[in-house]
Protein chains: 2
Amino acid sequence: MTRRVTSYDVARAAGVSQSTVSRCFRPDGGISKVTRDAVLRVAEELGYNRNALARSLITRRSNMVGVIATKFTIRNNPELVFTLSAALRDHGFGILLLIVETDDTVGDILQQALEYPLDGLISCALMDPRDVERFVRRGLALVFFNRNVAAPWVDCIGTDHAGSSRAMAEAFHAAGHRRILCIGGPVGAPVSRARIDGFTARLAELGGAEVRTVAGNFSYTSGRAVFLDAVRDGARPDAVFCANDQLAMGVMDACRYDLGWRVPGDVSVAGFDDVEEAGRPSYDLVTVAQSGAEMAARAVELLLRRIDDPLAPEVTERVAGRLVRRGSARLG
Amino acid sequence: MTRRVTSYDVARAAGVSQSTVSRCFRPDGGISKVTRDAVLRVAEELGYNRNALARSLITRRSNMVGVIATKFTIRNNPELVFTLSAALRDHGFGILLLIVETDDTVGDILQQALEYPLDGLISCALMDPRDVERFVRRGLALVFFNRNVAAPWVDCIGTDHAGSSRAMAEAFHAAGHRRILCIGGPVGAPVSRARIDGFTARLAELGGAEVRTVAGNFSYTSGRAVFLDAVRDGARPDAVFCANDQLAMGVMDACRYDLGWRVPGDVSVAGFDDVEEAGRPSYDLVTVAQSGAEMAARAVELLLRRIDDPLAPEVTERVAGRLVRRGSARLG
């Protein structure tokens, strides 16, 4: 007769206390990643039955998944919501849509999210680590989309913002642009930071460029106003890299309609996202395309895996963006 | 002692059979509107207790409202979804978002909608009368947004598309435009039909204009392609009225980038919706602004009223649009 493996067996084999083993299977256990990984490996080898624990984390099933999205994401990338919705529906899940103003206001809707019997949550916005823990403790599968939140049993998938922006920096540098203006999103916005930091870090490595960075708020109006303000002293940059396409289209229109500067004759302009308008001849915008549909499908896969096995090892996946060469910027 | 008023009392006072009275309180009763209104009026006067019936229609409460929206609505008017979401959340309701490709594919998600314990449904897409009845029979409050579906106990709110388009026709006519091209949405799309019909009917009343109508699919790409096709014989219209802004922006870019025609020097172009890009100097588009936020707030009011009182008389409300005068069209 095979005796059932207990947490005491795992503790003995891993050389830790039973309480440590138990804490390794709780999101708020306060165990270092190194120790936790070692304990989970031993548990796996011994055939310690995680399923009972896993099941205990699941209190109910509703076939409903929450999707937290900022207004910006819905405005700028509605296809993402469509793809998530279609992929979830294919698996029999409905979407409870939770809309937030910005990443900073997610706290406002978390209580609402907890009032519904959700099976899981895909968040396109940042969350406070304590809130992440509240969700995981309730057995809610949690996947972050284009946000990086490191926590036990929480998966992340997103664009490799920094890597794509490094490629843009190389193309700018190779074209000979040396006076470069960067327009970011709001200070602290993680996606904007990754894009701008990747771009400026690569330019610094390449050397010889003078880079100035100012903050916008991801909108067309902000791109236009922030650019006009930045060039008020008449110093024309060679090229402008914006943290998203809306900002870049605002910069292009400021050049063409407010200042009478030609794009790209006088100033090269590039954005990030490849929204639909970016491809129109009225903008013909150089940008970075994200694999939105592919990532959304993968986010749903990760969520389903996590619903099935709440204690599966967490993963973080980065998907490369693609530089889209068009007419708004001279590139090398 | 006051005897409780029964359906037999109502039948006697209204001069109809009891079965007719009973059928007047069922969505599928097959009673003419005239008879039903008369019976309901008598029932009201006698103090016939509708609440018991009303309650019987409500089987459960979930604090969750379904919102059916086409991809087009979400892409083109995300603010509508935001306003609905905020207004519903203020009243303690979450949104189950049901996304459909077009009005024609609503059938695909109705079964999913019925699987969740919704308190009500706001539909921004058309529904088959039999499906409407299925929802109402289950005690689901149902409000149509920018769609007109006449059914007992179903409310509708939307823009006065035809009236706003009549105003556009007058401004076109007064400017002297006589060769006019209309580009609609897909054949049969109700919003497009109301806009194009209102426009062409008013032009016909004013007289002297030659009007041609072609169908597009509400997208920028379609506007550009359909316009190029329509003017392939070289006959340049004086002015183009499009059933939405995306079509109109496609027409403007076809004129400017494909044909070398000036807007509005050679051709006047106008749209409908007043999307964000319409106000940019790169388009500066003449259009009709809808009171989206106001209508969304009102839709939620109607829904809450209907949840409270499932047998309240149905209402249909039309909200006037506002002609936005800008640079893309010469207007009188």
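In this text the structure is predicted, and so the values were computed from the model without any measurement.

Time to look at the pattern of salt bridges. Residue and element names in this part refer to chain A. Under the counting rule described, the total for this entry stands at 52 salt bridges over all chains. Put simply, D238 and R179 hold a salt bridge, and the shortest N to O gap is 3.0 Å. Separated by 59 residues along the polypeptide, D238 in the loop between helix 11 (220–230) and strand 8 (239–242) and R179 in strand 6 (residues 179–184) bring together distant segments of the chain. Taking the relative accessible area as the measure of exposure, R179 reaches 39% and is therefore partly exposed. If you follow the salt bridges from partner to partner, you end up with K33, R36, D37 and E314 in one network.

Quick look at the interface of chain B and chain A now. On the side of chain A, 35 residues touch chain B, which itself brings 35 residues to the contact. Carbon and sulfur atoms supply 57% of the area that chain B and chain A bury against each other, a total of about 3,000 Å² over both sides. Looking only at chain B, the three residues that lose the most surface to chain A are F82, R89 and R280 of chain B, adding up to 20% of its buried area. The tally of links from chain B across to chain A stands at two salt bridges. The residue R75 of chain A makes a salt bridge to E79 of chain B at a minimum N-O spacing of 2.6 Å. Linking chain B with chain A are 17 residue pairs in polar contact (both at pLDDT 80 or more), by the criterion used here.

So, about the environment of V263 of chain B. Positionally, V263 of chain B belongs in the loop between helix 12 (245–259) and strand 9 (268–270). Apart from residues no more than four positions distant in its own chain, V263 of chain B is found in contact with M252, C255, R256, V269 and S328 of chain B.

Residues and elements named next belong to chain A. The strand order across the open sheet built from four strands is 7-6-8-9, with neighbouring strands paired in parallel fashion. Lying at the two open borders of the sheet, with one neighbouring strand each, are strand 7 (210–215) and strand 9 (268–270). Ignoring strand direction, the axes of neighbouring strands in this sheet form an average angle of 15°. Here three bridges tie strand 8 to strand 9, and the two strands are oriented parallel to one another. Within strand 9, the residue paired with V240 across the bridge is V269. Sheet strands touched by helix 9 (residues 161–174): strand 6, strand 8 and strand 9. Its angle to strand 8, the strand with the most contacts, is close to 175°.

Residue and element names in this part refer to chain B. Sheet architecture is open: four strands sit in the order 7-6-8-9, paired in parallel fashion. Edge strands, defined here as strands with exactly one partner in the open sheet, are strand 7 (210–215) and strand 9. Taking the axes of each pair of neighbouring strands and ignoring which way they run, one obtains an average angle of 15° across the sheet. Bridging between strand 6 (residues 179–184) and strand 7 involves six bridges; their strand directions are parallel. Bridging across to strand 7, C182 finds its partner in T213.

Moving on to the pairing of strand 5 (residues 155–159) of chain B. A regular strand places its side chains on the two faces of the sheet in alternate fashion. Residue and element names in this part refer to chain B. When you tally the buried positions in strand 5, you get five out of five residues, the bulk of the element. Pairing of strand 4 (residues 141–145) with strand 5 involves three bridges; the strand directions are parallel. Paired with F144 across the strands is C156, a residue of strand 5.

A few words now on the relation of the copies chain B and chain A. Aligned on chain A, chain B shows an RMSD of 0.1 Å; the corresponding rotation is 180° and the shift along the axis is 0.0 Å. On this basis, the relationship between the two copies can be described by a two-fold rotation axis. Closest approach to the rotation axis within chain B is made by the C-alpha atom of L96 of chain B, at a distance of 2.2 Å. Taken as a fraction of all interface residues of chain B, those also at the interface in chain A reach 100%, which identifies the copy contact as same-surface.

Residues and elements named next belong to chain A. Applying the stated rule across the entire model yields eight aromatic pairs over all chains. Relative to F199, the ring of F172 lies with its centre 5.4 Å away and its plane at 90°, an arrangement referred to as edge-to-face. Remark: F199 occurs in helix 10 (residues 190–206) and F172 occurs in helix 9; sequence separation between them is 27 residues. Pair check on accessibility: F172 and F199 agree, each one buried.

Moving on, we come to the pairing of strand 3 (residues 120–123) of chain A. Residue and element names in this part refer to chain A. Of the two faces of strand 3, both are covered, the one formed by G120 and I122 as well as the one formed by L121 and S123. Taken together, the four bridges between strand 3 and strand 4 (residues 141–145) define a ladder with parallel strand orientation. Bridge pairing in strand 4 places L121 opposite L142. Running through helix 8 (residues 129–137), the crossover from strand 3 to the neighbouring parallel element strand 4 is right-handed.

What counts and what doesn't
Residues numbered from 1 in each chain as written. Chains lettered and ligands numbered in written order. Predicted model: local features only at pLDDT ≥ 70, side-chain atom pairs only at ≥ 80, totals over all residues. Heavy atoms only, no water. Salt bridge = Lys/Arg side-chain N within 4 Å of Asp/Glu carboxyl O. Helix = DSSP H or I, 4+ residues; strand = E, 2+ residues; numbered from the N terminus. Buried < 20%, exposed > 50% of the residue type's maximum accessible area, 1.4 Å probe, protein only. Contact = heavy atoms within 4.5 Å. Buried area = accessible area lost by both parts, 1.4 Å probe. Polar contact = N/O pair within 3.5 Å; in protein donor to acceptor, adjacent residues only side chain to side chain. Pairing = 2+ DSSP bridges. Axes fitted to C-alpha atoms, helices over the stretch in contact; angles between N-to-C directions. Least-squares fit on C-alpha atoms with pLDDT ≥ 70 in both. Phe/Tyr/Trp six-rings, centres within 6.5 Å; stacked < 30°, edge-to-face > 60°. Right-handed = clockwise from strand over helix to strand, strands pointing away.

Scope: geometric values only; no functional claims are made or implied.
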